[in-house]
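Understanding the architecture of this molecule
Residues per chain are reported as follows:
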Amino acid sequence: MAERGHPLNSVVVNKLEVAPGLMVLRVAADGWELPEFAPGQFAVLGLPAEAARCAAADADEERPNPRWMIRRAYSIASSSVAREYFEFYINLVRSGELTPRLFALEPGDRVWLGPKVTGAFTLGEARRDSHLALVATGTGLAPYMSMLRTILPTTHGRRISVLLGARNSWDLGYHAELRAMERQHAALCYLPTISRPEGEVRPWPGRVGYVLDLWRDGTVESAWGFPPDPQSTSVYLCGNPRMIDEMCALLTGEGYREHSRHSPGEIFVERYW
Ligand SMILES: Cc1cc2nc3c(=O)[nH]c(=O)nc-3n(C[C@H](O)[C@H](O)[C@H](O)COP(=O)(O)OP(=O)(O)OC[C@H]3O[C@@H](n4cnc5c(N)ncnc54)[C@H](O)[C@@H]3O)c2cc1C
């Protein structure tokens with residue numbers, strides 16, 4: 001399966017379905033070197049339309065040209081220090097064009113991986129010494145996994161909180177790794193919350209609600225022992241655009257400003273759609 005000019009230049013080396021419709025996919029370059037990148041950046045994955053869709057997905061709405069390469073951006077979840085493969089954390093959009101095809105891949109299958117990695121959602125944009133609140137819903141956690149895997153071993157004197165929202169506990173794909181990181185690194189505080197506790201198989205012992213609630217009710221202040229404020233803290237927001245809009249409104253009310261290249265601020269945003 002290849003399109004002229006876009007050979008499937010990479011291979012799936014590992015696929016782990018952590019929950020229905022949620023997977024960790026590792027992709028290695030075949031015969032070329034993965035580029036350097038800064039944690040938080042994204043790469044592009046692609047498959048031709050003739051690639052099979054997974055069984056759980058809806059059928060294609062239209063019949064796409066089979067040679068057409070479908071491409072989408074995915075945040076890299078792996079450390080930027082080890083570049084043996086890129087790890088991605090992907091949510092199945094059943095009616096989507098690319099994710100049903102990515103979910104049909106198995107180890108050994110070929111995929112197109114864009115040779116360029118880009119994106120400004122990186123820690124280099126924030127003040128070097130600022131505390132970090134990394135806020136995500138679902139697969140919006142991916143860039144933070146790369147950041148944490150890369151910087152935690154050398155982080156001292158800076159507090160980092162991960163505020164993660166998911167529907168159910170099984171949608172917290174990196175829960176065990178984040179708990180382990182938290183035990184190993186005093187800088188890190190992992191704060192998961194679920195919004196559908198009534199669907200849990202066993203009672204969920206943790207927080208219930210949205211990440212917005214965690215920010216509003218002082219959970220970060222309790223974890224850090226001091227309140228986050230725009231002078232001391234950079235806030236990263238990634239994933240669902242509705243969560244991002246609501247968090248931006250809340251933070252702006254507290255004096256935080258959205259960051260851009262031309263106008264420095266303390267809120268950094270990556271919208272997935
Ligand atoms: C910079 C960037 C980084 C991204 N990183 C990731 C990532 O790490 N993991 C990831 O799963 N997605 C990520 N995305 C989203 C990804 O690029 C695709 O949009 C997504 O996988 C859907 O592709 P599709 O072809 O199956 O759906 P499409 O046919 O393109 O349908 C798009 C629709 O699917 C919905 N949608 C898109 N993304 C999601 C999602 N993650 N969860 C639920 N619904 C969604 C929206 O309603 C959107 O309008 C990222 C997007 C951007 C711009």
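Because the structure is a prediction, the values reported are computed rather than measured.

Mapping Thr139 onto the fold places it in the loop between strand E7 (131-137) and helix H2 (142-151). Not counting residues up to four positions away in its chain, the partners in contact with Thr139 are Leu22, Tyr89, Ile90, Asn91 and Tyr272.

This brings us to the site of the ligand. In the vicinity of the ligand, 20 residues are found, and the nearest of them are Ala73, Tyr74, Asn91, Leu98 and Thr99. Interatomic distance of 2.6 Å between a side-chain N/O atom of Thr99 and an oxygen atom of the ligand. A distance of 3.3 Å separates an oxygen atom of the ligand from a polar side-chain atom of Thr139. In isolation the ligand has 870 Å² of accessible area, and contact with the protein removes 76% of it. In this structure the site holding the ligand corresponds to the largest pocket. For the shell around the ligand, the secondary structure elements donating two or more residues are strand E4 (69-75), strand E5 (86-91), helix H1 (99-102) and strand E12 (267-271). Of the residues forming the shell around the ligand, the biggest block, four residues, is contributed by E4.

Here six strands make up an open sheet; going across it, the order is E4-E3-E6-E1-E2-E5 and the pairing antiparallel. Of all the strands in the sheet, the pair left with one neighbour each is E4 and E5. Put simply, the sheet's adjacent strands are angled 40° from each other on average, direction ignored. The pairing of strand E1 (residues 10-19) with strand E2 (residues 22-29) spans eight bridges and is classified as antiparallel. Residue pairing across strands places Ser10 opposite Ala29, the latter belonging to E2.

Calculation notes
Each residue is numbered by its place in its chain's sequence as written, counting from 1. Local features in this predicted model are restricted to residues of pLDDT 70 or higher, and side-chain atom pairs are both shown and tallied only at a pLDDT of 80 or more, whereas totals for entire chains, interfaces and linings draw on every residue. Calculated side-chain values reflect all of the structure's heavy atoms, with hydrogen atoms and water omitted. Helix and strand definitions here come from DSSP, where helices need a minimum of 4 consecutive H or I residues and strands a minimum of 2 consecutive E residues; each element is numbered from the N-terminal end. Only heavy atoms enter the contact rule, under which two residues are in contact if any of them lie within 4.5 Å. Here a residue counts as near a molecule or strand whenever at least one of its heavy atoms sits within 4 Å of it. Pairing of N or O atoms within 3.5 Å defines a polar contact, subject to two protein rules: one partner must be a possible hydrogen donor and the other a possible acceptor, and residues neighboring in sequence count only if both atoms are side-chain atoms. For the accessible areas, the method is Shrake-Rupley and the probe is 1.4 Å, while residue cover comes only from the protein chains on display. Cavities and pockets were defined on a 1 Å grid built over protein atoms only: a cavity is a set of grid points that admits a 1.4 Å probe from which the probe cannot escape, a pocket is an open set flanked by protein on both sides within 12 Å along at least five of seven lines, and lining residues are those with an atom within 4 Å of any such point. Molecules are considered to sit inside a cavity or pocket once more than half of their atoms lie within 2 Å of its grid points. Two strands qualify as a pair provided that DSSP identifies no fewer than 2 bridges between them. Each axis is a line fitted through C-alpha atoms, and for a helix only the stretch in contact is used; angles between axes span 0 to 180 degrees, taken between their N-to-C directions.

Interpretation in functional terms is not warranted from these geometric data alone.
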